[in-house]
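Remarks on the overall topology
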Amino acid sequence: MKLVAIVNQKGGVGKTTTAVNLTAALCAKGAKVLLVDFDPQANATSGLGVSRHSKYTSYDVIINGVPAMDAIVHTKWGDVIPSSSALAGAGVELADMEHREFVLKKALEPVAELYDYVFIDCPPSLELLTLNGLCAASQILIPVQCEYYALEGLSDLMSTMRVVKKRLNPQLTVFGVLLTMYDGRTNFSSQVAQEVRRFFPGRVYAAAIPRNVRLAEAPSHGMPITAYDKHSKGTKAYMQVAEEILRGHSK
């Protein structure tokens, strides 16, 4: 079982797109996958066709003591613990709790072993919810957009990871780094990719996620790209990343 936090405090880098489509791609290849939507925007929830008004959400799991098993929603593309806007205030409620950084970890322990992969879609910030994700996970997956400021903020993320590793979660490592919004027609995307590979030697997946209209359209239909358009470039890319993950390495 691998418990992976998908994290980048920069918004708009394809974090939730990756959470949804990697869940679906690995599921399509026979893996048992649970996606924990831990972002108050709840885009991963709706991206897998699950209602943001589900009976129980990740908010109920960490604040109201609802067992994680009771919050799991089964879809044909993988299992989901949905989120809701209520999670936006959870950071304040967590602040007064004992062992506040480990609330999610404790909540997921009874269900994690039932899956090959548990992905946590963290909020695009480095605050208490994300800290819970980093303490619950054994590894992190970092989506990096192929744009001018790609590495801006990554040093902050890596600093946070080092602090978490030193003080709270010694086993935390980098699962992989995924290049997103890659445009193979431009030298610029290639240059950014080279820079990211230098920054994370041996950790960047060979497959990059392209800029793809169908990939952008899929969430509005409540389905992953693998279902929305199985012949699209986006589907092909995420299936390739899933294959790399199943082979057990990233390059």
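Above this text you will find the structure in question.
What this report covers is the structure whose coordinates are included nearby. Please read all numbers here as calculations on a predicted model, not as lab measurements.

1. So, the pattern of salt bridges
In this structure the tally under the stated criterion is seven salt bridges. One salt bridge in this structure joins Glu 217 and Arg 214, with 3.0 Å as the shortest N-O distance. In this pair, Glu 217 and Arg 214 are both assigned in helix H10 (residues 213-217), three residues apart and thus about one turn of the helix distant. Judged by its relative accessible area of 28%, Glu 217 is partly exposed. Two residues, Asp 229 and Arg 214, come together in a salt bridge whose shortest N-O distance is 2.9 Å. Of this pair, Asp 229 sits in the loop between helix H11 (225-228) and helix H12 (233-246) while Arg 214 sits in helix H10, placing them 15 residues apart in sequence. Taking the relative accessible area as the measure of exposure, Asp 229 reaches 17% and is therefore buried. One salt-bridge network, held together by shared partners, links Lys 15, Asp 39 and Asp 121.

2. Comments concerning the environment of Glu 243
Along the chain, Glu 243 falls in helix H12. You can call Glu 243 partly exposed: its relative accessible area is 35%. Residues Glu 243 and Leu 26 lie 217 residues apart in sequence; the distance between their C-alpha atoms is 8.0 Å.

3. Describing the packing of helix H1 (residues 15-28) against H12
Contact pair H1 / H12: the axes reach a minimum separation of 9 Å and the direction vectors enclose 65°. By the angle between their axes, H1 is roughly perpendicular relative to H12. Classified by chirality, the crossing of H12 by H1 is right-handed. In this structure, H1 contributes Thr 17, Thr 18, Asn 21, Leu 22, Ala 25, Leu 26 and Ala 28 to the contact, and H12 contributes Tyr 238, Met 239, Val 241, Ala 242, Ile 245 and Leu 246. Taken together, the residues of the contact of H1 with H12 sort by class into 10 nonpolar, three polar and no charged.

4. Overview of the environment of Gly 78
One can find Gly 78 in strand E4 (residues 78-81). Residue classification places Gly 78 among the buried residues on the basis of a relative accessible area of 4%. It is 19 Å that separates the C-alpha atoms of Gly 78 and His 53, two residues lying 25 residues apart in sequence. Setting aside residues no more than four positions away along its own chain, Gly 78 makes contact with Thr 23, Cys 27, Val 33 and Val 73.

5. Quick look at the pairing of strand E5 (residues 117-121)
Taken across its five residues, E5 has five buried, putting it largely inside the fold. Side-chain alternation along E5 places Tyr 117, Phe 119 and Asp 121 on one buried face and Val 118 and Ile 120 on a second face that is also buried. Strand direction decides the pairing type here: strand E1 (residues 2-6) and E5, joined by five bridges, are parallel. The residue bridging Ala 5 from the neighbouring strand is Ile 120, located in E5. As paired elements, strand E2 (residues 33-37) and E5 share five bridges and run parallel to each other.

6. So, the packing of aromatic side chains
By the definition in use, this model includes four aromatic pairs. For the pair Tyr 148 and Phe 188, a centre-to-centre distance of 6.5 Å together with 20° between the ring planes defines the contact as stacked. Remark: Phe 188 occurs in helix H9 (residues 187-199) and Tyr 148 occurs in the loop between strand E6 (139-145) and helix H8 (154-167); sequence separation between them is 40 residues. A relative accessible area of 64% means that Tyr 148 is categorised as exposed. Overall, the relative accessible area of 34% leaves Phe 188 in the partly exposed class. Through a chain of ring-to-ring contacts, the aromatic side chains of Tyr 148, Tyr 149 and Phe 188 assemble into a single cluster.

7. A few points about the sheet that holds E1
Judged by pairing direction, the sheet is mixed, and its seven strands sit side by side in the order E3-E4-E2-E5-E1-E6-E7 without closing on themselves. The open sheet has two edge strands, strand E3 (73-75) and strand E7 (173-180), and neither has a second partner. Each neighbouring strand pair of the sheet contributes to a mean axis angle of 25°, computed without reference to strand direction. Sheet topology note: the E1/E6 ladder contains three bridges and is parallel.

Criteria and cut-off values
- Residues numbered from 1 in each chain as written.
- Predicted model: local features only at pLDDT ≥ 70, side-chain atom pairs only at ≥ 80, totals over all residues.
- Heavy atoms only, no water.
- Salt bridge = Lys/Arg side-chain N within 4 Å of Asp/Glu carboxyl O.
- Helix = DSSP H or I, 4+ residues; strand = E, 2+ residues; numbered from the N terminus.
- Buried < 20%, exposed > 50% of the residue type's maximum accessible area, 1.4 Å probe, protein only.
- Axes fitted to C-alpha atoms, helices over the stretch in contact; angles between N-to-C directions.
- Parallel < 35°, antiparallel > 145°, perpendicular 65-115°, else oblique.
- Left-handed = near helix turned anticlockwise from the far one by under 90°.
- Contact = heavy atoms within 4.5 Å.
- Nonpolar A, V, L, I, M, F, W, Y, C, P; charged D, E, K, R; others polar.
- Pairing = 2+ DSSP bridges.
- Phe/Tyr/Trp six-rings, centres within 6.5 Å; stacked < 30°, edge-to-face > 60°.

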